[in-house]
Structure formats: structure tokens, C-alpha cells
Amino acid sequence: MSNRIFEALPGTSDKASAYNQFSHFHATVRARFNLFSVVLLWLLIVAASLGWNLHQAERHRDELARESARSFFDLLLITRRWNARHEGVYVPATPQTPPNPYLKDPRREIQVTDTLTLTKVNPAYMTRTLSELAAERSGVQFHITSLKPIRPQNLAYPWEAAALRAFEQGAKEWAETYQHGDQQGYRYMAPLIAEKPCLKCHAEQGYELGDVRGGISITLPVLAPIPWRGLVISHGLVGLAGAAVILVLGWMLARAYERLRRQAVFDALTSIPNRRFFIEHLVHELRRGRREQVPLGLLICDIDNFKGYNDTFGHQAGDHCLCAVADLLRESLQRGSDFCARYGGEEFVVVLPNTTLDGALRVAERIREAVSGLGIWHPASSCGIVTISIGVAEEPGSTSDLDHESLIRRADEALYRAKELGRNRVEAHRTERPVV
Ligand SMILES: Nc1nc2c(ncn2[C@@H]2O[C@H](COP(=O)(O)OP(=O)(O)OP(=O)(O)O)[C@@H](O)[C@H]2O)c(=O)[nH]1
């Protein structure tokens, strides 16, 4: 026997027993859940980006609309100032530009010749005619308006009235997008402040210098559409491509993890669980045994004179022999909860949950006979075939101090005795443990 086997190793998970199948299943479910959480998070990020981009596109479009409405307003203001500075300008009276009936000016019309009459155009009238021109050309509408208009048609609409009241409270601008049919439009309004030239005509309305005497609303009836379709499609593609990449990478990672996990818990030569895995499994089963107050049997098996076998047939043949014994151990376990592992070298262990010492001895005897039954030729052995010695110990399940090392030590002592008593035999550790 190559070593005394006392020391415990830290362990991981497995799949040979219900517990290990459960922990593997649990780890798989958790890994899948994590993967889907990452995919969900990614899709949420893409959705948030889509929302933000749509919002930005809308903001940008409204900003452009506001800038262009502001420019219209500033231009109108300049032309009105120019007009006011000249106290109105004269243009030929025509059917398109008839005399302004609301302009109270003794020199509203001037007869120049028999065929030419000039009529005075004040800033308000000029704004109106410009508005008609602009509406014809580009659909943009201007409306000069007031809460107390001289011309009744200039009375503010409800939205304009709200804007005018806001200007009286100090607001500098007023704007909104609005829906008409399937189109979106934009309206903007800024105040007209009473200046010195204005008071000539508007003083009788009670305005003083600096008062808000009205405003001009500018309506852009068609706003550029937001490119939502392109944004949705591009984000959809990016979202799906990213999700696919995450899933593929996750799958590759899971495969690599599974490979590593197998390497960490299974013996590379015999493909049964390794020592590290055995320790973890034993600790778990001991805890369960104490909880359920049931005994646990442990077998430590050691192939007899294995050095001689190796020396006779070579290391490779020795490997085949180890695999044959491992396969036999695996096949000879009858209950789903029974577990075997390679402990190291030519040593194997068998964990028998819910099994008394007598039951464990019966299993051990069956294994011993089965190994002999393999009939593997071993000229260096006294029997001429490969045999195995087994040490058995029991953890009764009623002791409060769970110590897997002590259980292994007891089984190992029994194995040692089996070797001393001539090999190819089963020995049990029967000494009573002090109850704490
Ligand atoms: N082929 C092979 N041999 C191994 C492996 N691991 C350990 N061994 C050999 O197993 C032999 C164990 O020899 P010993 O510890 O002297 O025990 P033994 O010859 O079986 O004698 P007893 O246990 O007293 O019956 C050594 O020669 C090791 O090299 C392995 O993975 N493959």
C-alpha cells in the first residue's frame, strides 16, 4: 500500500449521486439564469439607447424648428421697426393691398395721379401682407395678435392668449409641437414690446413704453419626421446581434467550464470521481446521515501487489488493470446513492450512505469476489490473479462530531490489517467510538 490515507482535500461538485446531480443541475440552471440575465440587461441597454436616441432626435428637430421660427420672428421685427421708423410706408392701393380700414390717419391715402392712389401700410398691415405671402410660398403662417386688438381678426386664439398672459408674467418665448392629422407642426410665439414709435398709434389702447402689447405667432405646419423606423431597425439589429454574441460566448464558456469541471472532479485515467470530489461527497453524506440519524459505510480498497503487476506487465498494462477494477466498482454499486472514487494510485473508495457496518461488509465481500472473478492474470501474486484488499468502517449517524478524516483513518486501519493478514480479504474497524 503506497500511503496512509488520512488527509482531507478541499472538494468540488459532481454527478454520480443524487446530491451531485442536483448540484450540477443547480449550477447549470444558475449559469443559464445568469446568461439570460446578461442578455436581458443587454436588451435593456439597447432599448434605453433607442429611447434616448428617439428623444434626442425629437429634441434636435424641435430645436431646429425653434431656431427657424426665431429667425422668422427676428426678420419680422426688423421689417416692422424699419416701417415704424418711417411712420408707415406708402404703396399703390390695389385690390391685393386695399387701404387699411383700421388705420386712423388723415393721410392714409394720397392721390398721386388720376390712376395712382398710394395707401399707407403700417407695421401691422405689413406683417399681415407678409404673412399672406409666406403662407403662399412655404406654408409658414404669421399671426400678429393681441389680447386687445384694434383689428378684431387679430384677437388671440386660446393658445396665443395663454402665451400672451405668460409674456405678461415675464416669459420671453412660448412654443409647442402639435398634431394635425398624421403630421406634426410647431408653433412659436414671442412678444411685441411697446416701443416709442409704436405708441403713436397704440397709446390710445392704454399701452406704455415696455408693455407687452401683443405678439406674433409663427406656425410651421410640417415638421421633419423623426427617423424612428431607421432607429428602431438599427437598434433591433444591434440588440439581436449582441444577444446572439452573448449567447454564443456564454455557450462556449459553459462548455469550457464543463470541461474544466470534469477535469477537476473526475479521474483522468479511470473516469470515476477523484479524491477531491470524494472528500466533498463524503462530508456532504456525513452531514446528511447525522441529520437523518442514519449510518454510513466507507470502504477503502487497495489492489494487492500492484507494484509486482506493473513490474511484470509494464505501466500501461497496469493502467488497464486499474480501469478494469474502476469499471467493476462502478458497476457493482447497486443503490443510486452509492458512490465510488479513485483515492489515488491503486486505491479506491466506496461511500455507502444509509448502510450499517454489516451491510458495508457484505458489499465489500461482493466487490472482493468480483475482482477475483475478473481473473486477471498476475504471476507475481500468490493467487496468480489480481485481488483486492478492503478496509471497512462505519459512521453510525448518531454522533455529534462529524469527522470524515477519522472515518477514513478507521477504514484505512482496517485495510492495513487486511494487508497484514495476507491480502485478498475484507476487514472491518469495529472499535466503538467514544460518544461526545
Ligand atoms: N499503472 C499504474 N500504476 C500505478 C498508478 N498509480 C500507482 N501505481 C502503482 O501502484 C503501485 C503500488 O505499489 P505499492 O504501494 O507498493 O503497493 P502494492 O504493490 O499494491 O502492495 P500492497 O498494496 O501491499 O498489496 C506502485 O508501483 C505504483 O507505481 C497508475 O495510475 N497506473
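Just so it is clear, the model here is predicted, and its values are computed rather than measured.

### What about the nonpolar core?
Across soluble globular proteins, nonpolar side chains have a tendency to be buried as a group. Counting 31 residues, the largest nonpolar core has Leu-299, Ile-303, Phe-348, Val-350, Ile-367, Ile-390 and Val-392 as the members making the most contacts within it. Elements represented by at least two residues in this core include exactly β8 (296-303), α7 (306-313), α8 (315-332), β10 (347-353), α9 (357-374), β11 (388-395) and β12 (426-428). At seven residues, α9 tops the list of elements feeding residues into this core.

### Regarding the packing of helix α6 (residues 275-292) against helix α10 (residues 404-420)
Close contact between α6 and α10 brings their axes to 10 Å; oriented N to C, the two are set at 110 degrees. One finds that α6 runs roughly perpendicular with respect to α10. For the pair α6 and α10, contact is made by Phe-278, Ile-279, Leu-282, Val-283 and Leu-286 and by His-404, Leu-407 and Ile-408, respectively. The class makeup of the residues in the contact of α6 with α10 is seven nonpolar, one polar and no charged.

### Thoughts on the sheet that holds β12
With mixed pairing, the five strands of this open sheet are ordered in space as β9-β10-β8-β11-β12. Of all strands in the sheet, those with a lone pairing partner are β9 (339-344) and β12, marking the two edges. Direction aside, the axes of adjacent strands within the sheet are offset by 20 degrees on average. Its contacts with the sheet place α6 against β8, β9, β10 and β11, and it is angled at close to 135 degrees to β9.

### Some details on unusual backbone geometry
Unusually for a residue other than glycine, Glu-87 sits at a positive phi of about 55 degrees. Here Glu-87 lies in the loop between α1 (18-85) and β1 (89-92). In this structure, Ser-271 takes a positive phi of about 65 degrees despite not being glycine. Relative to the elements of secondary structure, Ser-271 occurs in the loop between α5 (228-265) and α6.

### Thoughts on the UniProt feature "transmembrane region" (unreviewed entry) in the chain
The feature "transmembrane region" (unreviewed entry), as given by UniProt, occupies residues 33-52 and 232-254 in the numbering adopted here. Secondary structure across residues 33-52 comprises 100% helix and 0% strand; the distance between its end C-alpha atoms is 28 Å. Between the first and last C-alpha atoms of residues 232-254 the distance is 32 Å; the span itself is 100% helix and 0% strand.

The rules we used
- Residues numbered from 1 in each chain as written.
- Predicted model: local features only at pLDDT ≥ 70, side-chain atom pairs only at ≥ 80, totals over all residues.
- Heavy atoms only, no water.
- Core = buried A, V, L, I, M, F, W, Y, C linked by side-chain atoms within 4.5 Å.
- Buried < 20%, exposed > 50% of the residue type's maximum accessible area, 1.4 Å probe, protein only.
- Helix = DSSP H or I, 4+ residues; strand = E, 2+ residues; numbered from the N terminus.
- Axes fitted to C-alpha atoms, helices over the stretch in contact; angles between N-to-C directions.
- Parallel < 35°, antiparallel > 145°, perpendicular 65-115°, else oblique.
- Contact = heavy atoms within 4.5 Å.
- Nonpolar A, V, L, I, M, F, W, Y, C, P; charged D, E, K, R; others polar.
- Pairing = 2+ DSSP bridges.
- UniProt positions renumbered as here; feature names shortened; annotations may be inferred.

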